[in-house]
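Architecture at a glance
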Amino acid sequence: MKSPFISISKSLTLCRCISRAILIFFPSFFLSSCSQHFKIEEVSPLFSFVISYDGPDNVTNMSHLLDAPAGKHGFVRAENGHFVNDAGRVWFNATNLTGSANFPTHDQADLLAERLSRFGFNAVRLHYMDANYGNFKEEQEQGIFTSDSTTQRNLDPEQIDKMDYMIAQFKKRGIYVNLNLHVARKLDDRDGFTGIDQRPPLDKGVDNFVPRMISLQKEYAKDLLTHVNPYTGLAYTDEPSIAMVEINNENALFNQYLNGAIDKLPDPYRTELEKQWNKWLHNNYNSIGELVQSWGVDINNVTENYKTSTIPVIRRDSAYSPAVGDFFKFIYQVEQDYWTGLYDYLKKDLEVKALVSGTQLRYTSPFIQSDLDYVDIHAYWSHPSPVSPDWEIGNISMVNSMNNIHEMAVQRVDSKPFTISEYNHPFPNQYGAEAQPMLAAYGRLQGWDGIFQYTYNHRLDFEPQAMTYFFDMIARTDVIAHMPACAAMFLRGDVHEAIESITAEISHEVYFDSLSMSKKVRVGIDAAGFDPRLSLIKKTAVILKNGPVDKPVNGLESIENQKVITSSTGEIVWNGEKENAAYLTVNTPNTKLFTGFPEGRTIELGGVTLDIGTTRLGWATISFVSKNASGFGESGESTNILLTATGLVENKGMVIKEVSETKIKLTDWGEGPIQAEGIPATINLPSDSQKTKCYALDSRGDRMMEVPVFENGSGSKILLKPEYQTVWYEIEIQ
């Protein structure tokens, strides 16, 4: 069926409200409520384009960047603030598997490993294995535990075998693994835990202090990590392709206390927390007199409770007082004991060789998390809210603010490896193609050690023809098509790491005072007065100190009103000269990128120039990657270049409803196959036109038809046209 968005008249205008375009139902329903408009002269029909689920050996294949087998240079370790192995620095260009996707059949695992390596992924985070996974749209599918009416503690041998085989296939192709321990198992009456409906989701926070919950986390870790994979012959404690182990995803007592969940705890969990709180008080105050003097309260109000160890847990909404300050110290101590206790158990008792992290920044104190091997963070642009049938999602491009990039960058902890183990601009945000290229470019500039797209897949269907949920990349043509360029920028290092750094020293004492008063665990260089956007220029990090700190360097250049921000390497440029019509470019010898709103501007990328025509969103993402790092023809050297051009991508028959000026939802998710927009553009290259050929590629990345190449002075010119019905082109220069 043809798209309804065909041959729109020249007089029709499409509104871009805060850098967005929303096509609703029929062309006559285009929005036009904003003051800024751009004209659409004509758009062509969408076409079917589902990227193949195999690993063909063509210009789209970046598997040569993977150093197979994973672990051949020994265990990944942390040195001088970065991941290394015996061969040197290690970077992880990575994705996630969620839920039942961690348990493919053997045939599925073979294809999965091929496809991931094809797109340059050298690591996968195995996430949400410890519970059955489903959502408001889909039925639950089995996780790692047996389906047992009496317990949630027994690993299912069939599921383990599937995971083992998959990991062996990953290892064979140079793909490392990040194993998540607790993510989602919520213990219930089967194992002696009452009040399941009154505890926080997934036992978050509670499992930081309830002794038996902690004991069962250790049991699961032991059962999983000491298990010997029959396909590799190694236990996961001794497997060098297991690069990382994460203790507890997005989980911290601080986070649950600060959002009010701990106030609602039922017994026996509330009583257990109160018992530990009173024990802390008795350990820190030798007498009731000391406590009364410190808190400045009437001795008659606390004497009996102190004697009977029943001083109540302090509620989240309590105004700051010395007692509140003490309660924050108590939570801090509980968390520190939990994270370091689990860490020591993994490292000392189980002798896990992999690097171990606790949980993510913004859930707990960075001072606590930096005690472990590396520091991790998650970020989403336009996360659906709520994740329920009543969801809605932001439909704006991040290119106008670059918010997530500097929000993550300013929180990096100096002298610790830094990873982003979940990142996404979720579907159906129409600008999702910008996400991973931005992350790859700035991630390498910042010297980050791992970037993980969330998620590749969350179901047992490994060859879907449509996008069925918010977070999956597996069928998202506009996202996965640019992954070769992302791999080149981040994994191959086409983008250079900045040499200059901006660091801010953060005192633990000052941080803790701020935490207990503001009730926020986050800290970044902005806390010391630095502009977060400096992270678009130089590396940024906080230095966590237990003692006094030096004052920030004064006189740093102000970039508050700067409309064009260029990285210190000169390779990345953010251009915000036009309000709500920014763009980002990357210009390196072997990778080039444009993402944003062209607005009729000629984009110069070294010897390559780019003029983008009319698109449905007034926006596009175009990447170029020289597969074998042999340039773009300026030197006369032979090269093969993958050119990727994407705009609007959606399910067939998908219907969008506007919720507000910046938010949308789907009234119909549509069906497969995926529909893509062809991007019109003029490309000028420095290569001799007689030695340059161009091909439109099919969904496997194989040559489909030849595209004319024209002479342009001493160079060549190529016209990309929607009628080629592709998002991929190969440019061959002899």
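What you are looking at is a predicted structure, and each value in this text was computed from that prediction instead of being measured.

This next bit is on the pattern of salt bridges. By the definition in use, this model includes 35 salt bridges. In this structure, the salt-bridge partner of Glu246 is Arg125, at a minimum N-O distance of 3.0 Å. In this pair, Glu246 sits in strand 12 (residues 242-248) while Arg125 sits in strand 8 (residues 123-127), placing the two residues 121 residues apart along the sequence. The partner of Glu272 in a salt bridge is Lys275, with the nearest N and O atoms 3.4 Å apart. Linking Glu272 with Lys275, this pair stays in helix 5 (residues 269-284), spanning 3 residues, or about one helical turn. Note on Glu272: relative accessible area 16%, which makes it buried. In this structure, a network of salt bridges that share partners links the residues Asp54, Arg118, Arg700 and Asp702.

With that settled, the discussion passes to the sheet that holds strand 14 (residues 375-380). For sheets, the rule is that strands pair by backbone hydrogen bonds, running either parallel or antiparallel. The parallel open sheet is built from 8 strands, whose spatial order is 13-12-9-8-7-17-16-14. Edge positions in the sheet fall to strand 13 (355-357) and strand 14, since each has one partner strand and no second. The sheet shows a mean angle of 25° between the axes of neighbouring strands, direction not considered. Here helix 2 (residues 157-172) sits on the sheet in contact with strand 7 (92-98), strand 8, strand 9 (176-182) and strand 12, set at roughly 165° to strand 8.

Cis geometry marks the peptide bond from Asp267 to Pro268, where omega comes out at 10°. Along the chain, the position of Pro268 falls in the loop between helix 4 (253-258) and helix 5. Of the consecutive residues Phe427 and Pro428, the connecting peptide bond is found in the cis state with omega at 10°. Relative to the helices and strands, Pro428 is located in the loop between strand 16 (418-424) and helix 11 (435-446). Positive phi outside glycine occurs at Glu250, with the angle close to 45°. For Lys519, which is not a glycine, the phi torsion comes out positive at approximately 60°. With respect to the element layout, Lys519 can be found in the loop between helix 14 (508-518) and strand 19 (539-545). Judged by relative accessible area, which is 13%, Lys519 ranks as buried.

Here we come to the pairing of strand 21 (residues 572-575). Judged from the 3 bridges that link them, strand 20 (residues 564-566) and strand 21 form a sheet pairing that is antiparallel. Within the sheet, the bridge partner assigned to Val564 lies in strand 21 and is Asn575. In this antiparallel pair of consecutive strands, strand 20 and strand 21, the connection spans 5 residues, and Gly570 shows a positive phi of 80°. Here 4 bridges tie strand 21 to strand 22 (residues 583-587), and the two strands are oriented antiparallel to one another.

Taken as a whole, this structure holds 38 aromatic pairs when the rule is applied. Between Trp277 and Trp280, the ring centres sit 6.0 Å apart and the planes meet at 20°, which makes this aromatic pair stacked. Placement of the pair is Trp277 and Trp280 together in helix 5, with a separation of 3 residues, close to one helical turn. There is no split in this pair, since Trp277 and Trp280 are both buried. Grouped by ring-pair contacts, the aromatic residues Phe136, Tyr380, Trp391, Phe427, Tyr454, Tyr469, Phe470, Phe471 and Trp669 constitute a single cluster.

For the rest of this paragraph, the subject is the nonpolar core. If you look at the biggest cluster of nonpolar residues, it comprises 194 residues, and the most contacted ones within it are Leu126, Ile144, Met163, Phe170, Leu225, Val245 and Leu346. Broken down by element, this core gets its largest block of residues, 14 residues, from helix 8 (residues 322-349). The residues contacting Val245, other than those within four sequence positions of it, are Leu179, Leu181, Leu225, Leu346, Val352, Ala354, Leu355, Val356, Ser357 and Tyr374. The next biggest cluster of nonpolar side chains, apart from the first, holds 27 residues, and it includes Ala645, Ala681, Cys694 and Ile731.

In this section: helix 7 (residues 299-307). Structurally, the start of helix 7 carries an N-cap: the backbone nitrogen of Asn300 is 2.9 Å from a side-chain oxygen of Asp298. Ser309 lies just past helix 7 and shows a positive phi near 55°.

This paragraph deals with the sheet that holds strand 25 (residues 608-612). The 5 strands lie next to each other as 24-25-32-36-35, forming an open sheet whose pairing is antiparallel. Of all the strands in the sheet, the pair left with one neighbour each is strand 24 (603-605) and strand 35 (709-712). In this sheet, neighbouring strand axes are inclined to one another by 25° on average, regardless of whether the strands run parallel or antiparallel. Across 5 bridges, the pairing between strand 32 (residues 681-685) and strand 36 (residues 715-720) is antiparallel. Bridging from a neighbouring strand, Thr682 pairs with Leu719 of strand 36.

The contact between helix 1 (residues 106-118) and helix 2 brings their axes to 9 Å, and the two run at 30°. Between helix 1 and helix 2, the interaxial angle falls into the category roughly parallel. When the axes of helix 1 and helix 2 are compared, the crossing they make is right-handed. In this structure, helix 1 contributes His106, Ala109, Asp110, Leu112, Ala113 and Leu116 to the contact, and helix 2 contributes Asp161, Tyr165, Met166, Gln169 and Phe170. Partitioned by chemical class, the residues of the contact of helix 1 with helix 2 number 7 nonpolar, 2 polar and 2 charged.

What follows is about the environment of Thr98. Turning to its location among the elements, Thr98 is positioned in strand 7. Using a relative accessible area of 0% as the deciding quantity, one classes Thr98 as buried. Distance from Thr98 to Lys162, taken between C-alpha atoms, is 14 Å for residues 64 residues apart in sequence. Ignoring anything within four residues of it in the chain, the contact list for Thr98 reads His127, Tyr128, Tyr133, Tyr454, Thr455, Asn457, His458 and Arg459. Only 2.9 Å separates the side chain of Thr98 from the side chain of Tyr454, close enough to count as a polar contact.

Glancing now at the confidence of the model for the chain. Confidence in the prediction of the chain, expressed as mean pLDDT, is 93, and 93% of residues score 70 or more. The low-confidence segment residues 1-41 (pLDDT under 50) makes 120 contacts with residues lying over four places distant or belonging to another chain.

Relative to the elements of secondary structure, Asn249 occurs in the loop between strand 12 and helix 4. Under the relative-accessibility criterion, Asn249 is labelled buried at 5%. Once you skip the residues sitting within four places of it in the chain, Asn249 turns out to touch Arg125, His127, His182, Val183, Lys204, Thr359, Gln360, His378 and Glu422.

Here Ser635 is to be found in the loop between strand 26 (620-626) and strand 27 (639-646). Given a relative accessible area of 57%, Ser635 falls into the exposed group. Through-space distance from the C-alpha of Ser635 to that of Pro686 is 8.8 Å; in sequence the pair is 51 residues apart. From its side chain, Ser635 meets the backbone nitrogen of Glu637 in a polar contact 3.3 Å long.

Conventions we followed
Residues numbered from 1 in each chain as written. Predicted model: local features only at pLDDT ≥ 70, side-chain atom pairs only at ≥ 80, totals over all residues. Heavy atoms only, no water. Salt bridge = Lys/Arg side-chain N within 4 Å of Asp/Glu carboxyl O. Helix = DSSP H or I, 4+ residues; strand = E, 2+ residues; numbered from the N terminus. Buried < 20%, exposed > 50% of the residue type's maximum accessible area, 1.4 Å probe, protein only. Pairing = 2+ DSSP bridges. Axes fitted to C-alpha atoms, helices over the stretch in contact; angles between N-to-C directions. Contact = heavy atoms within 4.5 Å. Phe/Tyr/Trp six-rings, centres within 6.5 Å; stacked < 30°, edge-to-face > 60°. Core = buried A, V, L, I, M, F, W, Y, C linked by side-chain atoms within 4.5 Å. Polar contact = N/O pair within 3.5 Å; in protein donor to acceptor, adjacent residues only side chain to side chain. Parallel < 35°, antiparallel > 145°, perpendicular 65-115°, else oblique. Left-handed = near helix turned anticlockwise from the far one by under 90°. Nonpolar A, V, L, I, M, F, W, Y, C, P; charged D, E, K, R; others polar. pLDDT = per-residue confidence, 0-100.

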